[in-house]
Amino acid sequence: MPRRALTAVVLLLSFCAVGRAEAQERVVRPMRTGSAAFGGSTSLMAELGDRLVFFGSADAGPADLWISDGTTAGTTLVKSMRTDGGQGLVAQTALRRVGGAVVFAADDGVHGVELWRTDGTPAGTTLLVDPDTAGSSQPSDVFVLGSAGFFRAAETGGAFALFRTDGTAAGTSKIKAVAPYHFASAGTTLFFGGTDAQGFEPWRSDGTASGTQIIADLAAGAGSSIPLGAGGAFGGVGATRAVFVVDEGPPAGTTLWVTDGTPGGTTAIADPMPGVQSPFAITPRFVSAGGFAYFSANDGVKGHEPWRTDGTAAGTIALADLAPGAASSFGPIAQEMVAVGSRLFFVADDTRGPKLYVTDGSSAGTVLVKDVGAGSGKAVIRDMIAVGDTLYFVGGTGAANTTHVWRSDGTPAGTVPLPGQDAVVRGDLTKAGRFLYYAGVQNTVTPTLYAYEIAPAPDGGASSSSSGGGSSGGSSSSGGSSSSSGAPASSDGVGSDGGCGCRLVGSAAAGPAGLVGVAAALLARVARRRRER
């Protein structure tokens, strides 16, 4: 091999080693962030374009509104909501991206707790609506459907109503005088449990007042058909229907119903524990994936196990008996589960500790992914989020200082902790731009905001994958091209695989001259990435 080509190969291998070494977490800023700033579990971080908007505190004082691009210099205060030392930002609802803004609940000391919006600038951080001019409207449960966000808020006098926002004050208004809970969607239709004079019953909405109606008064009069306190009582199945839980009373108890939004299309489809008056036969929390709604149910024989439904009686089945016999692997109070593409990842305990499972909606396709606890029986698996076709989660063995960020493609070999981590992760995993952000601590009790680069930095016209294990399938706005093998190419002729970033594409790998050119481009890319850091 010619000397120049040999040198180029060595440089390529060196770049791969450097790329792998650079795949590590970075300290963005020592500060209490997200729900860690409040000691709660509500996620208080949200993506806004390629940046992160979050609640944080640089000291022991009240949390303020911040924004970050993944660098310390680019992490700045957007707005202090209070100037009197009071707690301006409140943790009663998660931050949500709606249109070109992030909406959140805050108290500026003048209007009470109301819904605000931010575009990441002080001037663009403004009040959206103040329905209760005499106090706080307590906005909560912001649910995003298309370009709109739906939420519950109290009007003057204390009665709750359904509101809609597009992220602007002009586009924020009351829809209907009904108190909405437990939103879900199917296609463009919003489903929820609504409380009015007819009790707590199933409702639907198309975002207009005339298109917001009770579906059926299943418990006639002021009685309620939906169990009070149900923690997510609706789940979409397909493009037009939703399933929900109904407490029919003796002798049926808790049953599963389906609706297409009309009285005639609303019917019972499953009674997991027939003939038994049990309010706990179905855990009223659903996650939709691949045309199914997944939930936890107890048939009186197998305990609470994972079930799925396609909205029909025949298509409502128990997927597996993961904790054999009457023991329960799943629920009944709550369970960790998240849709990743058409599959569902979930956490179940087979009586030997929590483990990560995945399902495609079939019994045969419901399989153990990995025992993250490595046989300890005390695994930590939480804060699961989907980025493209890859699952990210906070995982550990349950031992001290072992909680880090993991990723999974649904296989044992592809379920691993991200390399280069030192922090003990508290949680709040949020993807924004090319970074995965989280709150953690390292050799100190000071909470810190960290960022981990899971997608490569843009290089001119380069396309980038959405995660180390999956691809968003799109190209950057700068118009990058792809090779015939599907590998994204950059303007410097170097492809990126989201890992070491050393995939060769196009004519760059055609021969010694091409290798030399690629090596030079790689070295330039390393220099750019170092400058960014």
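Treat the numbers as computed from the prediction; the structure is a model and nothing was measured. (Residues numbered from 1 in each chain as written. Predicted model: local features only at pLDDT ≥ 70, side-chain atom pairs only at ≥ 80, totals over all residues. Heavy atoms only, no water.)

### Remarks on the packing of aromatic side chains
Right, so step 1: Taken as a whole and judged by the stated rule, the model has 16 aromatic pairs.
Right, so step 2: For the ring pair Phe330 and Phe346, a centre distance of 5.2 Å and an interplane angle of 70° mean the geometry is edge-to-face. Placement of the pair is Phe330 in the loop between β26 (317–318) and β27 (337–340) and Phe346 in strand β28 (residues 343–349), with a sequence separation of 16 residues.
Right, so step 3: For Phe346, a relative accessible area of 0% gives the class buried.
Right, so step 4: For the ring pair Phe346 and Tyr357, a centre distance of 5.6 Å and an interplane angle of 15° mean the geometry is stacked. With Phe346 in strand β28 and Tyr357 in strand β29 (residues 354–359), the pair connects residues that are 11 residues apart, well separated along the chain. Here Phe346 and Tyr357 have matching classes, each one buried.
Right, so step 5: In textbook terms, an aromatic cluster arises when at least three aromatic residues are bridged by ring pairs, as seen for Phe143, Phe183, Phe192 and Trp203.
Right, so step 6: The ring of Phe160 has Arg152 sitting right over it, with the charged end atom 5.9 Å from the ring centre. (Phe/Tyr/Trp six-rings, centres within 6.5 Å; stacked < 30°, edge-to-face > 60°. Helix = DSSP H or I, 4+ residues; strand = E, 2+ residues; numbered from the N terminus. Buried < 20%, exposed > 50% of the residue type's maximum accessible area, 1.4 Å probe, protein only. Lys NZ or Arg CZ within 6 Å of the ring centre and 35° of its normal.)

### Points about the side chain of Glu25
Right, so step 1: Along the polypeptide, Glu25 turns up in strand β1 (residues 25–30).
Right, so step 2: Put simply, Glu25 is tucked away with no salt bridge, and the nearest opposite charge, on Arg26, sits 10 Å away.
Right, so step 3: Within the structure, the side chain of Glu25 is placed 2.6 Å from the side chain of Tyr438, a separation counted as a polar contact.
Right, so step 4: Excluding residues that lie within four positions of it along the chain, Glu25 makes contacts with Gly420, Gln421, Asp422, Ala423, Tyr438, Gln442, Tyr450, Ala451 and Tyr452. (Lys, Arg positive; Asp, Glu negative; His and termini not counted. Salt bridge = Lys/Arg side-chain N within 4 Å of Asp/Glu carboxyl O. Polar contact = N/O pair within 3.5 Å; in protein donor to acceptor, adjacent residues only side chain to side chain. Contact = heavy atoms within 4.5 Å.)

### Quick word on the sheet that holds β27
Pairing between sheet strands relies on hydrogen bonds along the backbone, with the strands arranged either parallel or antiparallel.
Right, so step 1: In spatial order, the strands read β27-β28-β29-β30; together these 4 strands make up an open sheet with antiparallel pairing. This sheet does not close on itself; its edge strands, each paired only once, are β27 and β30 (367–370). Across the sheet, the mean angle separating the axes of adjacent strands is 35° when strand polarity is ignored.
Right, so step 2: Inspection of the sheet shows β28 paired to β29 by 6 bridges, in the antiparallel sense. Its bridge partner lying in β29, Phe345 is registered against Val358. (Pairing = 2+ DSSP bridges. Axes fitted to C-alpha atoms, helices over the stretch in contact; angles between N-to-C directions.)

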